[in-house]
Amino acid sequence: SKRDNAIDLGASGTRFKDLYLSGGAYIGGTDSTNKLAEYERGTWTPSVAKGGTVFTSPTSSHAYYIRLGDILQITFYYYKTGCTSNNSDRWKVSGVPFTMKAGSSGGYPIGPVGYINIAGDRTGNGFHRWQANDSQIFTLYGANATTNVSNQAIEFSGTFVGRLA
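Note that the coordinates shown come from a computational prediction; the quantities given were computed from them, not determined experimentally.

Q: An account of the pairing of strand 4 (residues 47-50) is needed here, citing residue identities and associated values.
A: Across four bridges, strand 4 lies against strand 8 (residues 91-94) in antiparallel orientation. Note that in strand 8 the partner of Lys50 across the bridge is Trp91. Here three bridges tie strand 4 to strand 5 (residues 53-55), and the two strands are oriented antiparallel to one another. Bridging across to strand 5, Ala49 finds its partner in Val54. Connecting strand 4 to the antiparallel partner strand 5 that follows it, the hairpin turn spans two residues, and Gly51 within it adopts a positive phi of roughly 65°.

Below, the structure written as structure tokens:
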């Protein structure tokens with residue numbers, strides 16, 4: 001006979017080891033809003049730009065993500081020496097491996113800047129933010145957001161949690 005919402009799968013002393021599903025898992029309900037259909041973690045390659053200048057071949061960089069349903073948690077670090085820029089645009093980080101809900105449709109999601117060093121200037125660390133104005137780009141806001149460099153080093157890091165489109 002059927003027993004809706006009455007049977008536990010495992011217990012604290014009798015646990016299952018692994019669970020393999022070809023579809024999603026419904027947690028806390030049976031409608032589509034309760035379905036967890038995606039989990040993924042991995043790496044990505046950040047790219048930094050200011051205006052039309054894209055800085056390639058970083059001296060050091062690493063970036064990671066975790067996707068859980070339509071939530072994306074992402075971190076990055078980027079360092080490069082010998083950079084030159086001379087325009088009034090903001091610094092941007094691209095290469096995000098998913099399409100985020102961004103701009104006004106996403107409520108302008110933001111993430112804190114973990115570290116910023118533009119040409120040796122660390123002024124304002126902690127008073128900057130990365131903002132998703134575009135679905136795959138973070139834009140820097142804060143005191144040094146438009147600072148130019150002349151054959152100098154740039155170093156950025158950040159963490160972001162947002163919704164996917």
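Q: Can you explain the sheet that holds strand 6 (residues 60-68)? Please cite residues and give values.
A: Spatially, 3-6-7-12-9-10-11-8-4-5 is the arrangement adopted by the ten strands of the open sheet, whose pairing is antiparallel. The strands lining the two open edges of the sheet, one partner per strand, are strand 3 (39-43) and strand 5. The sheet shows a mean angle of 25° between the axes of neighbouring strands, taken without regard to direction.

Q: Describe the nonpolar core, listing the residues and the values that go with them.
A: Of all hydrophobic cores here, the largest spans 29 residues; its most connected members are Trp91, Phe138, Ile154 and Phe156. Taken together, the elements giving at least two residues each to this core come down to strand 6, strand 7 (71-85), strand 8, strand 9 (110-118), strand 10 (129-134), strand 11 (137-141) and strand 12 (149-163). Per-element tally for this core: the top contributor is strand 7, with five residues. When sequence neighbours within four positions are dropped, the list of residues in contact with Ile154 reads Val48, Phe55, Tyr78, Tyr79, Lys80, Cys83, Trp91, Asn117 and Val149.

Q: Summarise unusual backbone geometry; cite the residues concerned and give the values.
A: Even without glycine at this site, Asn5 takes up a positive phi of about 60°. Despite not being glycine, Ala119 shows a phi value in the positive range, around 55°. Tracing the backbone shows Ala119 in the loop between strand 9 and strand 10. Classification of Ala119 by relative accessible area gives partly exposed; the value is 29%.

Q: Tell me what's going on with the pattern of salt bridges, and back it up with residues and numbers.
A: Taken as a whole, this structure holds two salt bridges when the rule is applied. Residue Asp70 pairs with Arg163 through a salt bridge whose shortest N-O separation is 2.4 Å. Note that Asp70 is positioned in the loop between strand 6 and strand 7 and Arg163 in strand 12, a separation of 93 residues in sequence. Take Arg163: its relative accessible area is 41%, and that puts it in the partly exposed class.

Q: Describe a nonpolar patch on the surface, naming the residues involved and giving the relevant values.
A: A cluster of nonpolar side chains, Tyr39, Ile66, Leu68, Ile71 and Val161, forms an exposed patch at the surface whose accessible area comes to about 450 Å². Checked against the element boundaries, Ile66 lands in strand 6. A relative accessible area of 36% means that Ile66 is categorised as partly exposed.

Definitions and cut-offs
Residues numbered from 1 in each chain as written. Predicted model: local features only at pLDDT ≥ 70, side-chain atom pairs only at ≥ 80, totals over all residues. Heavy atoms only, no water. Pairing = 2+ DSSP bridges. Helix = DSSP H or I, 4+ residues; strand = E, 2+ residues; numbered from the N terminus. Axes fitted to C-alpha atoms, helices over the stretch in contact; angles between N-to-C directions. Core = buried A, V, L, I, M, F, W, Y, C linked by side-chain atoms within 4.5 Å. Buried < 20%, exposed > 50% of the residue type's maximum accessible area, 1.4 Å probe, protein only. Contact = heavy atoms within 4.5 Å. Salt bridge = Lys/Arg side-chain N within 4 Å of Asp/Glu carboxyl O. Patch = residues over 30% accessible without salt bridge, like charges linked within 9 Å, V, L, I, M, F, W, Y side chains within 5 Å. Areas by Shrake-Rupley, 256 points an atom, 1.4 Å probe, with all protein chains shown as cover.

These results come straight from atomic positions and should not be treated as a statement about function.
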